[in-house]
Amino acid sequence: MQTQIGVGVLSLPSDLHQVAKQDGWISLAIAGAVLPVILFCLFLIGKQFPDSTFEQMTEKLFSKWGGRVFSFLYILYFSSVAALIILLFGRMISLWVLPNTPFWAIALCMVIVGLYLANGGLLVLARFYTMVSGLLPVLIILTLFSFQEVHLMYLMPIGESGISKIFEGASEAMLSFFGFFVSLVIFSEVEGKPRQKFIIILLAHFFTFFFYMITLLVSYTFFSTTELSLVPEPLLYMLKSFELPFVARIDLFFISVWFVSVATSYTTYLYIASLGLKQLFRTKSIKVFNLVISLFVYAFTLLIGFDVAKVDRHANVVVYGGYIFSFTIPIVMVVIILVMKPFQKRKEEAS
Amino acid sequence: MGFFKRLLFGDHKRLHDRESSDPDKEPEHPSSTKLSVNIDYLMHEFHRTSDLRIRILEKGQAALVYMESLVDQEKIHEMIFKPLELGDVEHISDIPNSKVTLNMEEAIQTLLRGHALYMEDGLRGVYQFRVTSSFNRSIEEPANEKVVRGSHDGFVENLMININLLRKRIENRNLTVKYYRLGKKTNNNIALVYIDGVTDPSLIQEIEYRLKYISADMIHSPGYVEEFIEDQTFSPFPQMLNTERPDRVTANLIEGRVAIMSEGSPTVLIAPSTFFSFYQSSDDYNMRWFTGTFVRLIRLASFIIAVCMPAFYIAVVSFHFEVIPNELVMPVKQSINGIAYPPLIEALVMVVIIELIREAGIRLPQPIGQTIGIVGGLVIGDAVVRAGLVSNLMVIVVALTAIASFVVPSNEMSTTLRLLTFPLILLAGTLGFIGITFGFMMILIHMTRLESFGVPYTSPIAPLRIKDLKDTFIRMPIYRMNNRPKDSRAVDKEVIGPSREWKQLERTNNEQQPAGSQEASQQASSESNQSSD
């Protein structure tokens, strides 16, 4: 059960790695190293309230109405991430695979898959993720085809761009790990001891990290720095140039497989958003909210469509939202917990 | 002597036959001492049906009643009249192998089961003789589940023979059979078979609970039962394994599953079953495990081929021509160029034609069926290409798909596969690769959502259990599968104890005595035999 969630978490952010144009592999390494700290914060929060859902946590920490407002904001954030995933996916598909297909058809595919999967509940989500995690090795193997032509020289002047630049890149790179926040929301839904869960989350994180690292290194060593600034999706361009004896254009297969992992990440955001709504309204069935959020996301994405400028603006909003919701608030929560602990103890002693 | 023994040591309780009706309760229609009343009642209840035979005996003082169509005249003679002729007994009522009842309802039931009733004027008891005739075909190998090696018998339409086949294979007191009478009008006998102590009691309870819920006039085949008790009817995937092979049922029972058999049908349902159990064949276990693994991999590959192949071809031809390597582009293009229809229509037509040929081949008598196969497959296939209606690549693709769909050892799964081809063809025709991925994802999601009696359908893949993968994609050597797969929810885990430890013993013995005396190794093997027992 837990491993499956772990796998689910690791397949989450793979869609965003196309977006975040990393400044360098060092940045990624830094980001990968810093993140466990935040994961540890999440772990602390989760440990503090082992049985309560995320909404209950916020209500306990920020009083009843404050908590509700926070929960609502989070739901908004999650749905906007879901929308962003669809937008980027749609753009990618229309660029690479189906240039003539209207946006609504592509988005509809995604929305239907997400709705059907999310209606199955957490257990089905977990099972499905385990099943499709078998595809990750396929992705990695496809990526490794290009190892025949890597030039390690391209990595060479290490640290040339300066430390500040690298750190700036690291913060960019962190965005591609945003999926980790999900682990807090479903923390209470998963069986097992907090410690075990934490280890699994960490493992999932490192797996994702290594996956990014491989793709990043391969594309960095394949293209030179100048080329890289011209190529928006280096990995796909690289795959395009290879040809197996029986198929040309590996990139098309890569995208097909990639579709699956994007769908899983979309579904996760959909699921946690409607889970939040469900807890906010205190009802039993989640299916209605799945439908509501799906429709909302679908309508929202239709409004934006292929418009690149709007997509970028939306992406920016989500990224900043990500900073606030995934980094700042957890840390604030931890601080509050640490501050409140002595008070609570005193209260207990007094009573 | 015997009387005193019983007086001193017996427990003075009279044993009764096991009956379905409660013997203590006063029957609703008690039999009368007057023969004519009883006969009239029977005649009335059977609406004067013509095959109800009443033979008047002893100058109108007694009658033998039976259903002419259900009894064996030989047996009547053998059981009832022969003892009389030989002078063993004075009256028919004295014949020991009869069963007496005072309940006319019960008498009607047994009459319908093919018993003969003997009634005498002045006696309340109705004497029942079991003279049922039954017509059975021999227990031949089922035509749709042939194996190369292994047992060649199959279930027949008679429930007793079927249970006999199972009991012969499992000589164990824990093999439990439970009868259920289902079907309000037809009153069919359904048997639930399991091994007590291995099968999860809650699973049995669940199945019993669902079986008791069935309220239908007719339970005419296991297909009926299946649709009444399966978890999800709105699914193309079969959730219970249908088989006609006793060895397959035996293996599943030992794994801790439950078999549901019914009178009048050779098909046995096995629950719970997972997706992978449809790809296991008894053949796999009679081969070397290398070959077994190879064959099983081929079968699973056939799943992908059967579902995806036409869709993939359409997607490539109509959307992603660039996927084809340069050398192949020209031949492919040439074969498609002359065709007037889009590949989508072409594929749909061809797949439908294959289905037509298949269905026609089944319905027609055997010799004509083969002719239809040849006419349909060869003549139409060739002519259609020459006429320029369908490209020859498409014929290859569709033929491969059809072959791949027949590889599955289970007929239900094979039909499912062919059905799933259609939506994927449509999706591939509209969205290309993305459509295929979308369709395949929907299928996978659907499969993960399915459960068969509380067991996830995709187990052991989706709740991943590496130990149980020994018998899914690959077939490990049998002695390695020492635990029951968890998806059968068995209570008793171990199925194979240490059986090949003789090998290790041999090795250690050889190390101790480098000369390797023959006696030592023989001793070792006999020791291990004891331990494996």
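Quick note: structure is the one above.
Keep in mind that what you see is a predicted model, and the values were worked out from it rather than measured.

**Student:** So what exactly am I meant to see when it comes to the overall build of chain B here?
**Tutor:** Looking only at helices and strands, one finds 16 helices and 12 strands in chain B. Per-residue burial over chain B gives 47% buried out of 533 residues. Restricting to contacts in chain B with at least 6 residues of sequence separation, those with at least 24 account for 63%. When the accessible surface of chain B is totalled, it reaches about 28600 Å², and 57% of it is carbon and sulfur.

**Student:** Mind showing me how you'd approach the sheet that holds strand β8 (residues 241–243) of chain B here?
**Tutor:** Whenever strands of a sheet pair, they do so through backbone hydrogen bonds, lying parallel or antiparallel. Residues and elements named next belong to chain B. What the 5 strands build is an open sheet, ordered β6-β7-β9-β10-β8; its pairing is antiparallel. Pairing within the sheet leaves two strands with one partner each, and these edge strands are β6 (175–182) and β8. Taking the axes of each pair of neighbouring strands and ignoring which way they run, one obtains an average angle of 25° across the sheet. Where strand β9 (residues 258–262) and strand β10 (residues 268–271) come together, 3 bridges link them in antiparallel fashion. Looking across to β10, one finds that Val-258 is bridged to Ala-271.

**Student:** What am I meant to see in the side chain of B:Asp153 here?
**Tutor:** Residue and element names in this part refer to chain B. The topology assignment puts Asp-153 in the loop between β5 (126–130) and α5 (159–169). Here the side chain of Asp-153 touches Ser-151 through a polar contact of 3.4 Å, side chain to side chain. In this structure the side chain of Asp-153 is engaged in a polar contact, spanning 3.1 Å, whose partner is the side chain of Arg-169. Excluding anything up to four places from it in sequence, Asp-153 contacts Ile-139, Glu-140, Glu-141, Pro-142, Leu-165, Arg-169 and Pro-246.

**Student:** Looking at this structure, I do not really get the pattern of salt bridges. What am I missing?
**Tutor:** Between side chains of opposite charge, a pair can form as their charged atoms come close. Residue and element names in this part refer to chain B. Scanning the entire structure with this criterion turns up 21 salt bridges over all chains. Of the charged contacts in the structure, one is a salt bridge between Arg-296 and Asp-284, with a shortest N-O distance of 2.6 Å. Here Asp-284 lies in the loop between β10 and α9 (289–318) and Arg-296 lies in helix α9, a separation of 12 residues in the sequence. Of the residues examined, Arg-296 reaches a relative accessible area of 0% and is grouped as buried. Between Glu-355 and Arg-418 there is a salt bridge whose closest N-O contact spans 2.8 Å.

**Student:** Explanation requested: a nonpolar patch on the surface in the structure shown.
**Tutor:** All names here are of chain A. On the surface, Val-69, Phe-72, Leu-73, Leu-76 and Phe-296 cluster together into a nonpolar patch covering about 440 Å² of accessible area. Ranked by residues supplied to the nonpolar patch, first place goes to helix α4 (residues 64–96) with 4 residues. Within the secondary structure, Leu-73 sits in helix α4.

**Student:** Quick question: what am I supposed to make of helix α14 (residues 287–304) of chain A here?
**Tutor:** At 3.6 residues per turn, the α-helix brings residues three or four places apart onto the same side. Residue and element names in this part refer to chain A. Between the first and last C-alpha of α14 there are 26 Å, a value that for 18 residues agrees with the 26 Å anticipated at 1.5 Å per step. Three or more residues of α14 are buried, namely Phe-289, Asn-290, Ile-293, Ser-294, Val-297, Tyr-298, Thr-301 and Ile-304. The arc that holds every buried residue of α14, seen down its axis, measures 165°, which confines them to one face. Across from the buried face of α14, at angles greater than 90 degrees, the exposed residues are Val-288, Leu-295 and Leu-303.

**Student:** Can you walk me through unusual backbone geometry in this structure?
**Tutor:** With glycine set apart, most residues show a phi of negative sign, and most peptide bonds adopt trans. Residues and elements named next belong to chain B. Omega for the peptide link from Ala-271 to Pro-272 comes to -10°, which places this bond in the cis form. Tracing the backbone shows Pro-272 in the loop between β10 and α9. Despite not being glycine, Asn-187 shows a phi value in the positive range, around 55°. Looking at the element boundaries, Asn-187 is found in the loop between β6 and β7 (188–195). The exposure class of Asn-187 is partly exposed, given its relative accessible area of 29%.

**Student:** Would you mind going over a positive patch on the surface with me for this structure?
**Tutor:** There is a patch of like positive charges on the surface, built from B:Lys75, B:Arg113, B:Arg130 and B:Arg181. Inspection of the secondary structure puts B:Arg113 in the loop between α4 (104–112) and β4 (115–120).

**Student:** I'm lost on the nonpolar core in this one. Help?
**Tutor:** Nonpolar side chains in soluble globular proteins tend to be buried together. Core analysis: the largest hydrophobic core is formed by 140 residues, its most contacted members being A:Tyr266, B:Phe237, B:Leu253, B:Met261, B:Phe275, B:Tyr279 and B:Val307. Broken down by element, the residue count for this core peaks at 19 residues, all from helix α14 (residues 411–449) of chain B. Lining this core are residues from two domains, each supplying at least three of them: domain 2 (159–273) and domain 3 (288–456) of chain B. In this structure, B:Val307 is in contact with B:Leu417, B:Leu420, B:Thr421, B:Leu424, B:Phe440 and B:Ile443, ignoring residues within four places of it in sequence. Formed by 20 residues, the second largest nonpolar core is a distinct cluster that contains B:Ile190, B:Tyr194, B:Leu203 and B:Val258.

**Student:** Explain the sheet that holds strand β1 (residues 52–57) of chain B here, please?
**Tutor:** All names here are of chain B. Strand order in the open sheet formed by 5 strands is β1-β2-β4-β5-β3, and the pairing between neighbours is antiparallel. In the strand order of this sheet, the two ends are held by β1 and β3 (99–101), each with one partner. Each strand of the sheet is rotated relative to its neighbour by a mean of 25°, with strand direction disregarded. Sheet analysis places β1 next to strand β2 (residues 62–67), joined by 6 bridges and oriented antiparallel. Residue pairing across strands places Ile-56 opposite Ala-63, the latter belonging to β2. The sheet strands contacting helix α2 (residues 35–45) are β1, β2 and β4, and the helix crosses β4 at an angle near 150°. Running at roughly 150° to β2, helix α3 (residues 73–86) makes contact with β1, β2, β4 and β5 of the sheet.

**Student:** I'm lost on the interface of chain B and chain A in this one. Help?
**Tutor:** How big an interface is tends to be reported as the loss of accessible area on association of its parts. Listed as interface residues are 27 residues of chain B and, on the opposing side, 30 residues of chain A. Roughly 2800 Å² of surface becomes buried between chain B and chain A when both sides are summed, with 76% attributable to carbon and sulfur atoms. Interface area lost by chain B to chain A is led by B:Ile434, B:Met441 and B:Arg449, which between them contribute 24%. Where chain B packs against chain A, one counts 0 salt bridges. For the interface between chain B and chain A, the tally reads 2 residue pairs in polar contact (both at pLDDT 80 or more). Here the side of chain B that touches chain A takes 12 residues from α14(B), the largest share from any one element. Residue classes in the side of chain B that touches chain A are distributed as 18 nonpolar, 6 polar and 3 charged.

**Student:** Is there a simple way to think about the layout of surface pockets in this case?
**Tutor:** Any empty space left between atoms is shown by rolling a water-sized probe over those atoms. Computed from the structure, the largest pocket encloses a volume of approximately 2000 Å³. Taken together, 44 residues form the lining of the largest pocket, with B:Arg113, B:Arg130, B:Met160, B:Arg181 and B:Asn189 sitting closest to its centre. Going through the elements one at a time, α3, α4, β5, α5, β6 and β7 of chain B are the ones with two or more residues in the lining of the largest pocket. A total of 5 residues in the lining of the largest pocket trace back to one element, the largest contributor, which is α4(B). Of the residues in the lining of the largest pocket, the class split is 11 nonpolar, 18 polar and 15 charged. When residues of the lining of the largest pocket are sorted by domain, at least three fall in each of domain 1 (16–130) and domain 2 (159–273) of chain B. One number sums up the size of the second largest pocket: a volume of about 1600 Å³. In terms of lining residues, the second largest pocket is bounded by 44 residues, among which A:Phe253, B:Ile304, B:Cys308, B:Phe312 and B:Phe440 are the most central. Counting only elements with at least two residues in the lining of the second largest pocket, the list comes to α6 (121–132), α7 (135–144) and α13 (250–281) of chain A together with α9, α10 (326–337), α13 (392–406) and α14 of chain B. The element that contributes the greatest number of residues to the lining of the second largest pocket is α9(B), accounting for 12 residues. Each residue belonging to the lining of the second largest pocket can be placed in one class, and the counts come to 40 nonpolar, 4 polar and no charged.

**Student:** In this structure, what is going on with the environment of B:His446? I would like to understand it.
**Tutor:** Following the sequence through the fold, B:His446 ends up in helix α14. Look past the residues within four positions of B:His446 in its chain and what remains in contact with it is A:Tyr116, B:Phe234, B:Ser235, B:Pro236 and B:Phe237.

**Student:** Hey, could you run me through the packing of α9(B) against α14(B) in this one?
**Tutor:** Two numbers describe a pair of packed helices, the interaxial angle and the distance between the axes. Residues and elements named next belong to chain B. Packing of α9 against α14 brings their axes to within 8 Å, and their N-to-C directions diverge by 40°. On the basis of their axis angle, the class for α9 and α14 is oblique. In this structure, α9 meets α14 at a crossing whose hand is right-handed. Contacts from Phe-303, Ile-304, Ala-306, Val-307, Cys-308, Pro-310, Ala-311, Phe-312, Ile-314, Ala-315 and Val-316 of α9 reach α14 at Leu-417, Leu-420, Thr-421, Leu-424, Ile-425, Ala-428, Gly-429, Gly-432, Phe-433, Ile-436, Phe-440 and Ile-443. Considered class by class, the residues forming the contact of α9 with α14 number 20 nonpolar, 3 polar and no charged.

Conventions we followed
Residues numbered from 1 in each chain as written. Chains lettered and ligands numbered in written order. Predicted model: local features only at pLDDT ≥ 70, side-chain atom pairs only at ≥ 80, totals over all residues. Heavy atoms only, no water. Helix = DSSP H or I, 4+ residues; strand = E, 2+ residues; numbered from the N terminus. Buried < 20%, exposed > 50% of the residue type's maximum accessible area, 1.4 Å probe, protein only. Contact = heavy atoms within 4.5 Å. Areas by Shrake-Rupley, 256 points an atom, 1.4 Å probe, with all protein chains shown as cover. Pairing = 2+ DSSP bridges. Axes fitted to C-alpha atoms, helices over the stretch in contact; angles between N-to-C directions. Polar contact = N/O pair within 3.5 Å; in protein donor to acceptor, adjacent residues only side chain to side chain. Salt bridge = Lys/Arg side-chain N within 4 Å of Asp/Glu carboxyl O. Patch = residues over 30% accessible without salt bridge, like charges linked within 9 Å, V, L, I, M, F, W, Y side chains within 5 Å. Expected span 1.5 Å × (residues − 1). Arc of directions from axis to C-beta. Lys, Arg positive; Asp, Glu negative; His and termini not counted. Charge placed at Lys NZ, Arg CZ, Asp CG, Glu CD. Core = buried A, V, L, I, M, F, W, Y, C linked by side-chain atoms within 4.5 Å. Domains from an automatic or database assignment. Buried area = accessible area lost by both parts, 1.4 Å probe. Nonpolar A, V, L, I, M, F, W, Y, C, P; charged D, E, K, R; others polar. 1 Å grid on protein atoms, 1.4 Å probe; cavity = no way out; pocket = protein on both sides within 12 Å on 5 of 7 lines; lining within 4 Å. Points joined across faces, edges and corners; volume = space filled by probe spheres on them. Parallel < 35°, antiparallel > 145°, perpendicular 65-115°, else oblique. Left-handed = near helix turned anticlockwise from the far one by under 90°.

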